Amino acid sequence: MSNLILGVGDFGASNSPGDIVKTFALGSCVAVILLDPGTRSVGMVHVALPDSSINRDKAKERPGYFADTGIPMLLKQMSSMGCNVRKLTVKLAGGAQIMDPNNTFNIGKRNILAVKKLLWQHGMGPVAEDIGANYSRTVSVSTNTGEVVLSSPGRPPWKI
Amino acid sequence: MPMTIDSSEVLKRIEDAPLLSSSASRLLQITADPEHSLGEVADIVKTDAALTARVLRVVNSAAFGLISTISSIDRAISYLGERLVVGIAIDICASQLFDKPLTGYEAQRGDLWRHDLRVAIASREIARLAPQDMAVDLAFTGGILHDIGKSILSEFLTGTAQSVLETIEKGEAQDYLEAERAMLGIDHAMVGYELARKWQLPEPLQQVIRFHHKPSEADEEHRSLVYAVHLGDIIAMMGGGGTGSDTLQYHMDSAYTDYLDISVEQLTMTLLHVEEEFSKMEASLLDGKDGGT
Ligand SMILES: [Fe+2]
Ligand SMILES: [Fe+2]
């Protein structure tokens, strides 16, 4: 039993009993969480930007950084682990914003839109989400229970 | 609100805060002057043995991966850039402030320093991208110092994070800054400004610290610099590098476009740039702190 800690732009998955898949302090970034109850697998990608066209080299070096390159990589990994990618449960967290009535710099919102569009192209959609608003989120998921627990400084932990 | 305390108690704590070393304060003065030379910076570093040793440790740290050891201060400074040298000088004399765990914001030890470094990198990049008449390295130093008031205010805020967030959610306070004022009679920007005056920091840095959450109120002369740090702060928070409960609990002033010629696309690139630079710089600065090379 161990912790799989994912930094910005990382993706990973585990099906070892007792493992915790975790990512810290999502601001405008989005964690895409994929659960396969059949094999008790948990996958996650910590996406920072919507579209890899902004920097192709970065996308090669770290595909998890972008929604359009990160999600396909995670799906590929989970499928190679024996998950049925057609039956994955999807949950989303993150995509926060600074308070701004003018919505000037809305990376959080653009990340969420890009993630949802990509999932939709794969015939997938989230069953639960905690997205937007203006607080940072830490996400941890246990392979035993598949429970997605969120926390944020100054708030009691909650589940989605 | 759980408590109200007199701001004079907070101000008393500023008097007890550490002083800047004379080399740090001279470095800040000189680098705020757009006409200064790298030689002047080197001359100050050479008079300070502790600073000299730290600068050499950082430049020779594993993070930079130099093939041969650098032993000359002039070469070390031109390699590191003066912004890092100034950052090291501030950290040597004020590390007790930067390394505090900020319990009032429910942040961990090191979170403030890491946030400041991210803001510094972002602010400098914004200053570099926006063709403005300002010293880009001053934006870096401004980023390092902008939230210094939190290190003093934090202990007075212990145990308040949850109720502060509720007041903001209910709209009783506009942002975290206003909630701090409602409770303590003073906010972290103003506490930082008082400290900046005690340290006799150059005027532009005082302005950055005081107005980083409301840049439109800064003196016209320094407003573009203050806007650069305002945006740098937001980029750091969006990238997940905040200081705990106050992360993203502020407003963005979109009038920055009147002072900085920078596109949303460029701001997005800056988010990526911070991510890359931060890990490199953090590793080298920590290596230098540990004392080993
Ligand atoms: Fe601040
Ligand atoms: Fe800040």
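Residues numbered from 1 in each chain as written. Chains lettered and ligands numbered in written order. Predicted model: local features only at pLDDT ≥ 70, side-chain atom pairs only at ≥ 80, totals over all residues. Heavy atoms only, no water.

Undergrad: Even after reading the chapter, I still don't get helix 14 (residues 223–238) of chain B, so can you show me in this structure?
TA: Side chains three or four residues apart in an α-helix point the same way, a direct result of the helix having 3.6 residues per turn. The first and last C-alpha atoms of helix 14 of chain B sit 22 Å apart over 16 residues, in line with the 22 Å expected at 1.5 Å per residue. Extensive coverage of helix 14 of chain B is indicated by the burial of 16 of its 16 residues. (Helix = DSSP H or I, 4+ residues; strand = E, 2+ residues; numbered from the N terminus. Expected span 1.5 Å × (residues − 1). Buried < 20%, exposed > 50% of the residue type's maximum accessible area, 1.4 Å probe, protein only.)

Undergrad: How should I be thinking about the coordination of the iron ion (ligand 1) in this particular structure?
TA: Expected angles at a metal are 109.5 degrees for tetrahedral coordination by four donors and either 90 or 180 degrees for octahedral coordination by six donors. All names here are of chain B. Those donors, Asp147 (OD), His188 (NE2), His212 (NE2) and His213 (NE2), are the protein atoms that reach the iron ion (ligand 1), and they lie 2.2 Å from it. Every donor residue of the iron ion (ligand 1) comes from the same chain, spaced as D-x40-H-x23-H-H. Separating the iron ion (ligand 1) from the iron ion (ligand 2) is a gap of 3.8 Å, bridged by Asp147, which donates to each. On the criterion of sequence distance, the pair formed by Asp147 in the loop between helix 8 (136–145) and helix 9 (148–153) and His188 in helix 12 (residues 188–198) is long-range, its members being 41 residues apart. Here Asp147 matches His188 in class, with each residue buried. (Donors = N, O, S within 2.8 Å, 3.2 Å for Na, K, Ca; no water.)

Undergrad: Could you clarify how one ought to interpret the interface of chain B and chain A in this entry?
TA: Contacts between chain B and chain A engage 33 residues on the former and 31 residues on the latter. Of the roughly 2,700 Å² buried at the junction of chain B and chain A (both faces included), carbon and sulfur atoms supply 64%. With its nearest N and O atoms 3.3 Å apart, the salt bridge here joins A:Arg155 to B:Glu169. One can count nine residue pairs in polar contact (both at pLDDT 80 or more) joining chain B with chain A. Contributing elements (two or more residues each) for the side of chain B that touches chain A: helix 10 (161–169), helix 14 and helix 15 (264–290) of chain B. Broken down by element, the residue count for the side of chain B that touches chain A peaks at nine residues, all from helix 15 of chain B. (Contact = heavy atoms within 4.5 Å. Buried area = accessible area lost by both parts, 1.4 Å probe. Salt bridge = Lys/Arg side-chain N within 4 Å of Asp/Glu carboxyl O. Polar contact = N/O pair within 3.5 Å; in protein donor to acceptor, adjacent residues only side chain to side chain.)

Undergrad: When you look at the packing of helix 4 (residues 49–59) of chain B against helix 6 (residues 82–98) of chain B in this model, what are you seeing that I'm missing?
TA: When two helices pack together, you describe them by how their axes are tilted relative to each other and by the distance separating the axes. Residues and elements named next belong to chain B. Axis separation between helix 4 and helix 6 bottoms out at 10 Å; the angle between their running directions is 125°. Taken as axis vectors, helix 4 and helix 6 run oblique relative to one another. Of the two elements, helix 4 crosses helix 6, and the hand of that crossing is right-handed. Judged by residue contacts, Ala50, Leu51, Arg54, Val55 and Val58 of helix 4 engage Val85, Ile88, Ala89, Asp91 and Ile92 from helix 6. By residue class, the composition of the contact of helix 4 with helix 6 is eight nonpolar, no polar and two charged. (Axes fitted to C-alpha atoms, helices over the stretch in contact; angles between N-to-C directions. Parallel < 35°, antiparallel > 145°, perpendicular 65-115°, else oblique. Left-handed = near helix turned anticlockwise from the far one by under 90°. Nonpolar A, V, L, I, M, F, W, Y, C, P; charged D, E, K, R; others polar.)

Undergrad: What exactly am I supposed to notice about the coordination of the iron ion (ligand 2) here?
TA: Residues and elements named next belong to chain B. Within the first shell, the iron ion (ligand 2) binds the protein through His115 (NE2), His146 (NE2), Asp147 (OD) and Asp233 (OD), at distances of 2.1 to 2.3 Å. Around the iron ion (ligand 2), the four donor atoms sit at angles spanning 84 to 175°, and that spread fits a shape best called irregular. Read in sequence order, the donor residues coordinating the iron ion (ligand 2) give the pattern H-x30-H-D-x85-D. (Tetrahedral: all angles 85-135°; square planar, octahedral: opposite > 155°, others 65-115°.)

Undergrad: What exactly am I supposed to notice about the nonpolar core here?
TA: A general trend in soluble globular proteins is that nonpolar side chains are found buried together. The biggest cluster of nonpolar side chains holds 131 residues, and the ones touching the most others in it are A:Leu49, A:Val139, B:Val55, B:Leu145, B:Trp199, B:Leu201 and B:Leu260. Here this core takes eleven residues from helix 14 of chain B, the largest share from any one element. Every residue in contact with B:Leu201, bar those within four places of it in the chain, is listed here: B:Leu20, B:Leu28, B:Gln29, B:Leu145, B:Ala196, B:Gln206 and B:Ile209. Core analysis: the next-biggest nonpolar cluster, separate from the first, contains 21 residues, A:Val32, A:Leu34, A:Val90 and A:Leu92 among them. (Core = buried A, V, L, I, M, F, W, Y, C linked by side-chain atoms within 4.5 Å.)

Undergrad: What is the right way to read the pairing of strand 4 (residues 30–36) of chain A from this model?
TA: Along any regular strand, the residues point their side chains to alternate faces of the sheet. All names here are of chain A. Of all seven residues making up strand 4, seven are buried, and the element is well covered by its neighbours. Where burial is concerned, the two faces of strand 4 agree: the one with Val30, Val32, Leu34 and Asp36 and the one with Ala31, Ile33 and Leu35 are both buried. Inspection of the sheet shows strand 4 paired to strand 5 (residues 41–47) by seven bridges, in the antiparallel sense. The residue of strand 5 that forms the bridge with Ile33 is Met44. The sheet contact formed by strand 4 and strand 6 (residues 89–94) spans six bridges and is antiparallel. Directly across from Ile33, in strand 6, lies its bridge partner Lys91. (Pairing = 2+ DSSP bridges.)

Undergrad: Explain unusual backbone geometry to me, please; I cannot follow it from the model alone.
TA: Leaving glycine aside, a negative phi is the common case for residues, and trans is the common case for peptide bonds. All names here are of chain A. Here the phi dihedral of Asn103 falls at roughly 55°; this positive angle occurs in a residue that is not glycine. Residue placement: Asn103 occurs in the loop between strand 6 and helix 3 (107–121). With relative accessibility at 32%, the residue Asn103 sits in the partly exposed group.

Undergrad: Just to check I follow, could you spell out the environment of A:Asn55 for this structure?
TA: You can see A:Asn55 is positioned in the loop between strand 5 and helix 1 (56–61). Sequence separation of A:Asn55 and A:Ser2 is 53 residues, and the distance between their C-alpha atoms is 33 Å. Every residue in contact with A:Asn55, bar those within four places of it in the chain, is listed here: A:Phe66 and B:Leu272.

Undergrad: What should I look at first to understand the environment of B:Gln206 in this one?
TA: Along the polypeptide, B:Gln206 turns up in helix 13 (residues 203–211). Apart from the residues lying within four places of it in its own chain, the contact partners of B:Gln206 are B:Tyr193, B:Ala196, B:Arg197, B:Gln200 and B:Leu201.

Undergrad: Please clarify how the pattern of salt bridges should be interpreted in this entry.
TA: Once their charged atoms are close, side chains differing in charge can pair, the charge on each being opposite to the other. Residue and element names in this part refer to chain A. On inspection of all chains with the given rule, the structure shows 23 salt bridges over all chains. For Asp130, the salt bridge is made with Arg137, and the minimal N-O distance between the two is 2.6 Å. Note that Glu147 and Lys159 form a salt bridge whose closest N and O atoms lie 3.4 Å from each other. Remark: Lys159 occurs in strand 10 (residues 155–159) and Glu147 occurs in the loop between strand 8 (137–142) and strand 9 (148–152); sequence separation between them is twelve residues. The exposure class of Glu147 is partly exposed, given its relative accessible area of 36%. Given a relative accessible area of 55%, Lys159 falls into the exposed group.

Undergrad: Is there a simple way to think about the side chain of A:His46 in this case?
TA: All names here are of chain A. By secondary structure assignment, the location of His46 is in strand 5. For His46, a relative accessible area of 1% puts it in the buried group. A polar contact of 2.6 Å, which involves the side chain of His46, links it to the side chain of Thr23. Once residues within four sequence positions are removed from consideration, His46 is found in contact with Leu6, Gly7, Val8, Gly9, Asp10, Thr23, Phe24, Leu26, Cys29, Val30 and Gly64.

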